[in-house]
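Coordinate analysis (summary)
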Amino acid sequence: MRYSKPHSSDSQSLIVNNKYTTWSAYLGVDKLLNAIWHNVFSMSVLASLLFLAVTIGSPPHFNILTKTAASSVAASGTTTAIAATNKLLATFFPSRLSDGGNNSKKKNEEKNYNNNKQQKQKRPEGKLGSYSIPKSFSFKDILDSRTMLLPEQPRMPMHILSWTPKFGFTMWTLKKVDEELNVDDRSSGAVDFLYAVASTEFSDRFDASNPANLPLHLGWATQDYPQNSCAGSDSGCGSIPAPIFTFGTVPKDSSKIAGLLQAPTLPLTPCIAHAYDPDKYAQCNWFSSPSQCSGDKMYIEKYDSNAARIDKFNSLIPKMVWRGSDWRYLSEYESIGSGSGIDFLRELGLCHASKSEIIDSVLHSPVGDTVKKRVPPRLYAAVLGSLHPESFDIKFTDRNKRAPQSSCIDDKFHIFTSNEMDACGYSQYKYLADFGGGGGTSWKSTLWFLGMPGVLFHHETPMRDSFYDDIQPWVHYIPLDADLSNLEERVKWAKENPDECASISKRATQFAEKMMSADGLIEHTKKTFVEHFGKFIDAYEIRPADEHISTAVLTTKYSNDALENVKYAPTEPAYLGNAEQGD
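The residue numbers shown here count from 1 along each chain, following its written sequence. Predicted model: local features are reported for residues with pLDDT of at least 70 only, side-chain atom pairs are reported and counted for 80 or more only, and whole-chain, interface and lining totals are derived from all residues. Only hydrogens and water are set aside when side-chain values are computed; all heavy atoms of the structure are taken into account.

Structural notes on the overall build of the chain
Secondary structure elements follow DSSP: runs of H or I of four or more residues count as helices, runs of E of two or more count as strands, with numbering from the N terminus. The number of helices and strands found in the chain is 19 helices and 14 strands. By the burial criterion, 49% of the 583 residues in the chain qualify as buried. Within the chain, counting contacts between residues at least 6 apart in sequence, those at least 24 apart form 71% of the total. Accessible area for the chain stands at about 28300 Å²; split by element, carbon and sulfur atoms hold 52% of it. For every residue, the accessible area obtained with a 1.4 Å probe (protein chains only) is divided by the maximum for its type, and the residue is called buried under 20%, exposed over 50%, and partly exposed between those limits. When checking whether two residues touch, look at their non-hydrogen atoms; a contact exists if any pair is within 4.5 Å. To be clear on the numbers: accessible area is Shrake-Rupley with a 1.4 Å probe, and residue cover counts the displayed protein chains and nothing else.

Take a look at the structure:
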């Protein structure tokens, strides 16, 4: 009430104009007025409740309450009266006041929960979610995190980026003692990226002349996707002790391996290094912003008008096109993965089966319960496409020598070819597909197709690449289910809705053009890497006794002599250069 609250000197001019406050101030009866007010109010409420009880019946605890409340009021005093009133109201209006407002609190919590749930549903998949970088972690934690991420893929070991005031930046490859080195011949782009970004965005932190800058170590990898099988389970793998940055594909559900942080997807890394320092780092060789197609360069065509864009779209070949390897698909994840197409055909004894038996097993059979018995998505698309050549041109290729080079059913279904297709070839088709490979995504192909005149049919799997938060279904692409069971239906829809497809293609091209600009690449890096790397730097702790110890000695010390490291200075082309064509 206004009588019980002291007034500041600033409000005195208002007080003298209020006759009631002036009288109470002169007579010193503030407390008396308060007591009268609360006692009268309490008795009025009590009388009203007694009347209601007689009229409609009272709750079981009414008699107890009225006695308690009445005695409280009788005791009088401002504080006691207020408490009695509140207690009275709380009992008879529990939804608002009982238990100190706990029911109201519960409703608010439920409301907040629903709001949070809605926000979570709206949030793009794949972000850090509830994960927070630990307040502190050590070099040993980085080694322990490596152990939790095992097994490694061939050619994809874990590396350490080290920085010391004396030696600056150095790259290392971790390996088990007395085991052959898992040679990484594809990560030179990631090395250039780390050097370019760290030295530009964090130049003060890596200033060797500042004695406050202590040694730093960061774990990173370029694996296709996490190979530990728990990442594909419902429960996931839990949290790793120290954050590890990966330039590969990760689960959309970041809680599957909390702490595995996705840096820009590997094909983007040389492009980003060039964006940061064009004088030092060459442009990535799969992208050079051509306005006309040029071999395997990413293709973003320019148009004089929107009408010219639509005319171009309508002139494209009205088929879905795809070329790629017969890779396994998330084969380390027992609940969702599959083997290669040829492995599936051999496992089910279909190599010499009739055409109808193969069609039934590939296109119409129930979902298999194991990796070996589950239909590979790419095989599903290839067989479907061979049955409808008027709508599809989908084939495996033998370009990549690490993948199967043929199919055992090619005598019945023409699903293999030696004729690879480059950017110029893809750009002639209206419908472009990016069927996920070994890690469930297509890396470069998705960006390729977003920039082309045709419209992208994007394979929605449980995995993600670093730019997936920036593209949306029906805005930038037409979505396909993980098992591709809606492939035929979606192509049919596209043929019936050419204007909508042309609009989707336009927005996709606009995104690709912005994304692949120097400013767009740097913006993407700040969002996916710089922020997290800054928090990593703040949280990394090195013991005083370790400040002048080499990374090699630290590795031996904190792995109990189980690990060693080898300097990593790759000379091979960046990923998707000559060393990786055909993947």
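Focus: the pairing of strand β8 (residues 392-397)
Each regular strand displays side chains that alternate between the two surfaces of the sheet. Here β8 lies mainly inside the structure; six of its six residues are buried. The alternating pattern of β8 places F392, I394 and F396 and D393, K395 and T397 on opposite faces, both of which are buried. The rule for pairing is simple: two strands pair if DSSP sees at least two bridges between them. With five bridges connecting them, strand β7 (residues 317-324) and β8 associate as parallel partners. Across the sheet, residue V321 finds its bridge partner in β8, namely D393. When β8 meets strand β9 (residues 416-417), the two strands line up parallel, connected through two bridges. Residue F396 lies in a different strand from β9, and its bridge partner there is F416.

Digging into helix α12 (residues 355-364)
Of all the positions in α12, only I358, I359, S361, V362 and L363 are classed as buried. Here the buried face of α12 lies against α11 (341-347) and α13 (377-387).

Some points on the state of the cysteines
Disulfides are defined as cysteine sulfur pairs within 2.5 Å. Summed over all chains, the structure comprises three disulfides. Shown here is the disulfide that connects C230 with C237, its sulfur atoms set 1.9 Å apart. Taking the sign of the S-S torsion, about 105° here, the bridge from C230 to C237 comes out right-handed. Between C271 and C284 runs a disulfide, and the two sulfur atoms are separated by 2.0 Å. Measuring handedness by torsion sign, the sulfur bridge of C271 and C284 sits at about 110° and is right-handed. In this pair, C271 sits in helix α9 (residues 269-276) while C284 sits in the loop between α9 and α10 (306-315), placing the two residues 13 residues apart along the sequence.

Quick word on the sheet that holds strand β13 (residues 478-480)
Taken in spatial order, the six strands line up as β9-β8-β7-β10-β11-β13 in an open sheet, and their pairing is parallel. Two strands close off the open sheet at either side, each with one partner strand: β9 and β13. As judged from the three bridges shared by β7 and strand β10 (residues 429-433), these two strands associate in the parallel manner. By the bridge assignment for β10, I317 is matched with Y429. Orientation is described by axes fitted as lines to C-alpha atoms, over the contacting stretch for helices, and by angles from 0 to 180 degrees between their N-to-C directions. Its contacts with the sheet put α13 on β7, β8 and β11 (455-459), and the angle it makes with β8 is roughly 130°.

Remarks on empty space enclosed by the protein
Over the atoms, a rolling probe the size of a water molecule traces out where space has been left empty. Detection works on a 1 Å grid of protein atoms alone, calling trapped sets that fit a 1.4 Å probe cavities and calling open sets with protein on both sides within 12 Å along at least five of seven lines pockets, with lining residues defined by an atom within 4 Å of a point. Grid points are joined across faces, edges and corners, and a volume is the space filled by probe spheres set on the points. This structure, assessed with the given rule, holds five cavities of 30 Å³ or more. In this structure, the largest cavity occupies an estimated 90 Å³ of space. Forming the boundary of the largest cavity are R146, L149, L150, P151, E152, M156, P157, M158, A221, Q223, I244 and L260. Residues of the lining of the largest cavity, tallied by class, amount to nine nonpolar, one polar and two charged. Estimates place the volume of the second largest cavity at around 40 Å³. Classes in brief: Ala, Val, Leu, Ile, Met, Phe, Trp, Tyr, Cys and Pro nonpolar; Asp, Glu, Lys and Arg charged; the others, Gly included, polar.

Observations concerning the side chain of K256
Among the structural elements, K256 can be located in the loop between β5 (250-251) and β6 (258-262). Throughout this description, a polar contact denotes any pair of N or O atoms lying within 3.5 Å of each other; where both atoms belong to protein, one of them has to be capable of donating a hydrogen while the other can accept it, and for residues adjacent in sequence the pair is counted only when both atoms sit in side chains. A polar contact is formed between the side chain of K256 and the backbone oxygen of D234, at a distance of 3.4 Å. Each residue touching K256, except ones within four places of it in the same chain, is listed here: A231, S233, D234, G236, C237, G238 and P251.

Here's the deal with the packing of aromatic side chains
Only rings of Phe, Tyr and Trp enter the pairing, Trp through its six-membered ring, and a pair is recorded when the two centres are within 6.5 Å. The plane angle decides the type: under 30 degrees is stacked, over 60 is edge-to-face, the rest tilted. Scanning all chains against the criterion turns up 27 aromatic pairs. The criterion is that NZ of a Lys, or CZ of an Arg, lies within 6 Å of the ring centre and within 35 degrees of the ring normal, and then a charge sits over that ring. Here the basic side chain of K355 rests over the ring of F413, its NZ or CZ set 5.4 Å away from the ring centre. Here K444 stacks its cationic end above the ring of W448, 4.0 Å away from the centre of that ring.

Structural measurements only, silent on function.
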